[in-house]
Amino acid sequence: MNTTMTCQPKEATTENTITYSQPRYYVDQSMDDTLVQIELPGVSKDELNLTVENKEILVEGSASYKLPENWKVLHRESKARAYRLRLRIGDQVDQAAIKAQLSDGVLTVTLPKAEAAKPQKVKIT
Amino acid sequence: MKYLTRRQPTNGRQLWGDFDSFFNAPPPFLPSFFDWNNDVYRPAIDLFEDEASYIVHAEVPGFDRKEITVELEKDRLILKGLRKLNDDDESSEVSFHRSVTLPDAIKSDKVNAKYENGVLTVTIPKAEALKPVQIEVKS
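Since the structure is predicted, the reported quantities are computational estimates derived from the model, not experimental observations.

**Q** Which residues make up the environment of B:P43, and what are the values?
**A** All names here are of chain B. Note that P43 resides in the loop between β1 (5-6) and β2 (45-49). Residue classification places P43 among the buried residues on the basis of a relative accessible area of 1%. In this structure, the C-alpha to C-alpha distance between P43 and V60, residues 17 residues apart in sequence, is 5.8 Å.

Encoded structure:
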């Protein structure tokens, strides 16, 4: 799925009748990588796209699941299962080595730090 | 793994309306203090019905199937989850606990639960409606 959007949506946006919302996500740092965990409940691997471009990652996913027509809604807290998240990753990520894994509705994106961005040990002479 | 930053706490926690008391009592005036606790997760829950069943959807991404328990206490469906996060130097846990009071009589022995892509689906068949019974008039 390609997009021409150039800015990150602050709130849900409507495009082609799909309403995207920004998923909840967490960021964790280690010496070698930055881990981003994005909650995408209801979306399967085939319904998910991750693109890396212009120092940004874009995650888009929307569940094809539709509620059966004869179901009556008694109470609803969930939003539509269509998610979009754009994150700036900057210069210090090795873009070619980005990895992503979807498990139990959570997409884990591993952003390895570029060699130049890793902490360097300086030899003392 | 430990979460250092929690940048978008938007999906679950903003819903102060307490579903647990949705059918019985008005929601509490103030949110429970529990909801402020970072480690208690408040999943979004939906309740549907069709002719034969009530269907509950709970969005609990990140939990493993084995970390979720589904209990039925009379007409109250209780959903619980506990996930232990082990870090190098400390361990913590994330949990949720929500209950749904079902609006009408159900068949508690035919409940079906499945977990897929972070969404828990519980299907609870309704008790069979009282069908009119015809009684033969004898001479």
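Next, the rest of the story.
**Q** Can you explain the sheet that holds strand β6 (residues 91-101) of chain B? Please cite residues and give values.
**A** Residues and elements named next belong to chain B. Reading across the sheet, the three strands line up as β4-β5-β6 and stay open at both edges, with antiparallel pairing between neighbours. Lying at the two open borders of the sheet, with one neighbouring strand each, are β4 (68-73) and β6. Strand-to-strand twist across the sheet, computed as the mean angle between neighbouring axes with direction ignored, equals 15°. As defined by bridge partners, β4 adjoins strand β5 (residues 76-86) across six bridges and the pair is classed as antiparallel. Within β5, the position partnered with T69 by the bridge is K80.

**Q** So what's going on with the packing of aromatic side chains? Residues and values would help.
**A** A full pass over the atoms with the stated rule returns two aromatic pairs over all chains. Both rings, one in A:W71 and one in B:F48, keep their centres 5.3 Å apart while their planes meet at 40°; by these two values the pair is tilted. Here the residue A:W71 occupies a position in the loop between β6 (56-62) and β7 (72-75), and B:F48 occupies one in strand β2, the pair thus bridging two chains. Residues A:W71 and B:F48 agree in their burial class; the two are buried. Centre to centre, the rings of B:F63 and B:F96 are 5.0 Å apart; their planes meet at 90°, and the pair counts as edge-to-face. Of this pair, B:F63 sits in the loop between β3 (53-59) and β4 while B:F96 sits in strand β6; the two residues are 33 residues apart in sequence, bridging distant segments of the chain. Residues B:F63 and B:F96 agree in their burial class; the two are buried.

**Q** Report on the nonpolar core, specifying residues and quantitative values.
**A** Residue and element names in this part refer to chain B. Within the largest apolar cluster, 21 residues are counted, with the highest numbers of intra-cluster contacts made by V56, F63, L79, L120 and I124. Put simply, the parts of the chain that give this core at least two residues each are β2, β3, β5, β6 and β8 (119-125). Ignoring sequence-local partners within four residues, the contact set of V56 consists of I45, D46, L47, L77, L79, V100, L120, T121, V122 and I124.

**Q** Could you give an account of the sheet that holds β2(B), with specific residues and numbers?
**A** With antiparallel pairing, five strands are arranged side by side in an open sheet as β7(A)-β2(B)-β3(B)-β8(B)-β7(B). Each edge of the sheet is formed by a strand with only one pairing partner; in this case those strands are β7 of chain A together with β7 (112-116) of chain B. Across the sheet, the mean angle from the axis of one strand to that of its neighbour is 20°, orientation sign disregarded.

**Q** Please set out the environment of A:W71 residue by residue, giving values where relevant.
**A** A relative accessible area of 17% means that A:W71 is categorised as buried. C-alpha of A:W71 to C-alpha of A:K99: the two residues are 28 residues apart in sequence and 39 Å apart in space.

**Q** Lay out the pairing of β8(B) in plain terms, naming residues and giving numbers.
**A** All names here are of chain B. When you tally the buried positions in β8, you get six out of seven residues, the bulk of the element. Bridging between β3 and β8 involves seven bridges; their strand directions are antiparallel. Residue pairing across strands places A58 opposite L120, the latter belonging to β8. Connecting β7 to the antiparallel partner β8 that follows it, the hairpin turn spans two residues, and N117 within it adopts a positive phi of roughly 50°.

What counts as what
Residues numbered from 1 in each chain as written. Chains lettered and ligands numbered in written order. Predicted model: local features only at pLDDT ≥ 70, side-chain atom pairs only at ≥ 80, totals over all residues. Heavy atoms only, no water. Helix = DSSP H or I, 4+ residues; strand = E, 2+ residues; numbered from the N terminus. Buried < 20%, exposed > 50% of the residue type's maximum accessible area, 1.4 Å probe, protein only. Pairing = 2+ DSSP bridges. Axes fitted to C-alpha atoms, helices over the stretch in contact; angles between N-to-C directions. Phe/Tyr/Trp six-rings, centres within 6.5 Å; stacked < 30°, edge-to-face > 60°. Core = buried A, V, L, I, M, F, W, Y, C linked by side-chain atoms within 4.5 Å. Contact = heavy atoms within 4.5 Å.

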